Amino acid sequence: MGNHVETLRWNGSAIEMIDQRILPHRIEYIACDSAQSVAKAIRDMVVRGAPAIGVAAAYGVALEAILRKNEASNVFSTSLEEGFKALAASRPTAVNLFWALDRMRKLWETHQAKNQPELADIFLGTAHEILEEDIRINRAMGEYGASLLPDGSRVLTHCNAGALATAGHGTALGVFRSAVEAGKRISVFADETRPFLQGARLTAWEMVQENIPVTLITDNMSGHLMSRGEIDAVVVGTDRVAANGDVANKIGTYMVAVLAKRHNIPFYVACPLSTIDLSLATGEEIPIEERPVDEIKGFRDCHWAPEGVSIRNPAFDVTPAELVTALITEKGIVDNTTLTAGELADFVKKNQ
Ligand code: MRU
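From a predicted model like this one, the values you see are computed outputs, not experimental measurements. (Residues numbered from 1 in each chain as written. Predicted model: local features only at pLDDT ≥ 70, side-chain atom pairs only at ≥ 80, totals over all residues.)

Chemist: Tell me about the UniProt feature "site: Transition state stabilizer" (unreviewed entry) in the protein chain, residues and numbers included.
Modeler: Following the UniProt record, one finds the feature "site: Transition state stabilizer" (unreviewed entry) at Cys-159. Counting through the fold element by element, Cys-159 comes out in the loop between strand E4 (154–157) and helix H6 (172–181). A count of 29 C-beta atoms within 10 Å places Cys-159 in the buried class. Apart from the residues within four sequence positions on either side, Cys-159 is in contact with Thr-193, Gln-198, Gly-199, Val-236, Gly-237, Asn-249 and Lys-250. (UniProt positions renumbered as here; feature names shortened; annotations may be inferred. Helix = DSSP H or I, 4+ residues; strand = E, 2+ residues; numbered from the N terminus. Buried ≥ 20, exposed ≤ 12 C-beta atoms within 10 Å, placed from the backbone. Contact = placed C-beta atoms within 7 Å.)

Next up, the structure:
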């Protein structure tokens, strides 16, 4: 699928994003031509998944510059600043968004002397680079991760860390794809991932498209399967990793990690270096998005909760480093169980 369906594609004047809210029933693309429209697409979950959000944000900045390149310089700068602000406010947890915005801002600072059309071209070129780079990173991570999975592995994943969550190939699902490409027989258990159902709708769809054996389960079934010896490993993606190795990912990941520890099942996190946030000492500092309560009341038009009930909807949780067996990065595997203070930072700095 990574090779057949493009999550994000440039059409010559706009960035088109596959509308992930209506998958797998319909395949439709939404075109965005400004920072504000990209920010809205991120907020509304048209595009989601940490690396994909980062790529989209880079295009958002480029599109704003293209849109305003012939305006007066004060209009150009103000619109760009407002674009950065809207994109930064679109979703709080995935650090890739801020990583991409920082990269674009540094570019702006470095190329102050360029005229506006030149700057717009430079932004667009970098957005293309970030997209291409993401696919290369996922392929490298996939190869490292595949080496951890013996032939015949039955692997559980949570949420969707697939081609749809990235520019292509995927992080956790990239590991499965690479293992299959290497000739291994891999079967996947996909948690449905309440409340937004990224597992049931997106992960299951990606795997079915490629004939990778996949079994869909509800989120409360993995403990049972683990206790019966039916799961050999867990591989998930991540939205942000703190300097001590604590991992933020889709709500429910922490429960899976606790269960995996209880059953001595390795718990791997596929993590591009751009997802590691060395400015945060521990996972406690990672901002956790609270999403609209309607997502819990039901799904789409079908509501089952009583009116007036109090609802919480934290969209992510933090898995402490001690529950994570290893981080799979594009530069190699980091053994998380023996991670000492500063070691992850050294690894990131050495490999950036
Ligand atoms: O709310 P979402 O769908 O954006 O959450 C996505 C996840 O939690 C993914 O697991 C994470 O972004 C890693 S994607 C490679």
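Chemist: Just give me the short version of the UniProt feature "active site" (unreviewed entry) in the protein chain, but keep the residues and values in it.
Modeler: With numbering matched to this structure, UniProt assigns "active site" (unreviewed entry) to Asp-239. By secondary structure assignment, the location of Asp-239 is in the loop between strand E7 (233–236) and strand E8 (240–242). With 31 C-beta atoms counted inside 10 Å, the residue Asp-239 sits in the buried group. Asp-239 has contacts with Ala-50, Thr-93, Ala-94, Val-95, Ala-248, Asn-249, Thr-275 and Phe-316, leaving out every residue within four places of it along the chain.

Chemist: Could you give an account of the nonpolar core, naming the residues involved and the relevant values?
Modeler: Membership of the largest hydrophobic core comes to 107 residues, with the highest contact counts inside it found for Val-38, Ala-56 and Val-234. A per-element tally of this core places helix H2 (residues 50–68) first, with 13 residues. When residues of this core are assigned to domains, at least three map to each of domain 1 (8–138) and domain 2 (148–351). Residues within four places of Val-234 in sequence aside, it is in contact with Val-155, Leu-156, Val-256, Ala-260, Ile-265, Phe-267 and Tyr-268. (Core = buried A, V, L, I, M, F, W, Y, C linked by C-beta atoms within 7 Å. Domains from an automatic or database assignment.)

Chemist: So what's going on with the environment of Asn-351? Residues and values would help.
Modeler: For Asn-351, the position within the fold is in helix H11 (residues 343–351). Setting aside chain neighbours within four positions, we find Asn-351 in contact with Leu-273 and Lys-331.

Chemist: How would you explain the pairing of strand E9 (residues 247–250) if you had to name every residue and give the values?
Modeler: As defined by bridge partners, E8 adjoins E9 across 2 bridges and the pair is classed as antiparallel. Bridging across to E9, Val-241 finds its partner in Val-247. Counting the residues between successive antiparallel strands, the hairpin from E8 to E9 contains 4 residues, one of them, Gly-245, with a positive phi of roughly 95°. Where E9 and strand E14 (residues 316–319) come together, 4 bridges link them in antiparallel fashion. Within the sheet, the bridge partner assigned to Lys-250 lies in E14 and is Phe-316. (Pairing = 2+ DSSP bridges.)

Chemist: Outline the confidence of the model for the protein chain, listing residues and values.
Modeler: As a note on interpretation, predicted positions should not be read in detail where pLDDT is low. Mean pLDDT over the protein chain stands at 96; residues scoring 70 or higher make up 99%. For this predicted complex, the interface confidence reaches an ipTM of 0.99, while the overall pTM sits at 0.96. (pLDDT = per-residue confidence, 0-100.)

Chemist: Hey, could you go over the site of the ligand for me, with residue numbers and the actual values?
Modeler: Neighbouring residues of the ligand: 17 residues in total, closest Arg-48, Ala-50, Ala-165, Gly-237 and Lys-250. Elements with a contribution of two residues or more to the shell around the ligand: H2 and E9. Here the shell around the ligand is composed, by residue class, of 7 nonpolar, 7 polar and 3 charged. Shared between two domains, the shell around the ligand holds at least three residues of each, these being domain 1 (8–138) and domain 2 (148–351). (Near = placed C-beta within 6 Å. Nonpolar A, V, L, I, M, F, W, Y, C, P; charged D, E, K, R; others polar.)

Chemist: Provide a residue-level description of the sheet that holds E9, including the pertinent values.
Modeler: Ordered in space as E11-E8-E9-E14, the 4 strands form an open sheet in which the pairing is mixed. Since the sheet does not close on itself, it has two edges, and those belong to strand E11 (276–277) and E14, each with one partner.

Chemist: Go over the domain arrangement of the protein chain, please, and point to the residues and values.
Modeler: It is common to report an interface's size as the accessible area lost on association of the parts. The domain boundaries assigned to the protein chain delineate domain 1 (8–138) and domain 2 (148–351). The centre of domain 1, based on its C-alpha atoms, is set 25 Å off from the matching centre of domain 2. Taken together, the contact between domain 1 and domain 2 spans 23 residues of the former and 29 residues of the latter. Within the residue set of the side of domain 1 that touches domain 2, elements represented by two or more residues are H2, helix H4 (95–110) and helix H5 (116–146). Along the lines of polarity and charge, the residues of the side of domain 1 that touches domain 2 split into 14 nonpolar, 6 polar and 3 charged.

Chemist: A description of the pairing of strand E2 (residues 15–18) should follow, citing residues and the corresponding values.
Modeler: Both strand E1 (residues 8–10) and E2 contribute to a ladder of 3 bridges, which runs antiparallel. Counted as the bridge partner of Trp-10 is Ile-15 from E2. Connecting E1 to the antiparallel partner E2 that follows it, the hairpin turn spans 4 residues, and Gly-12 within it adopts a positive phi of roughly 105°. Pairing of E2 with strand E3 (residues 29–32) involves 4 bridges; the strand directions are antiparallel. What sits directly across from Ile-15, in E3, is Cys-32.

Chemist: Residues and numbers for the sheet that holds E1, please.
Modeler: Spatial ordering of the open sheet is given by E1-E2-E3, a layout of 3 strands whose pairing is antiparallel. With partners counted over all chains shown, the strands left at the sheet margins are E1 and E3, one partner each. Pairwise comparison of adjacent strand axes, ignoring direction, gives a mean angle of 25° for this sheet. Most of the contacts of H2 go to E2, to which it runs at about 155°, and overall it touches E1, E2 and E3. (Axes fitted to C-alpha atoms, helices over the stretch in contact; angles between N-to-C directions.)

Chemist: Just give me the short version of the environment of Ser-222, but keep the residues and values in it.
Modeler: Structurally, the position occupied by Ser-222 is in helix H8 (residues 222–227). Judged by C-beta crowding, with 24 C-beta atoms within 10 Å, Ser-222 ranks as buried. If we skip the residues at most four places from it in the chain, Ser-222 touches Leu-156, Asp-191, Ile-217, Ile-231, Val-256 and Leu-259.

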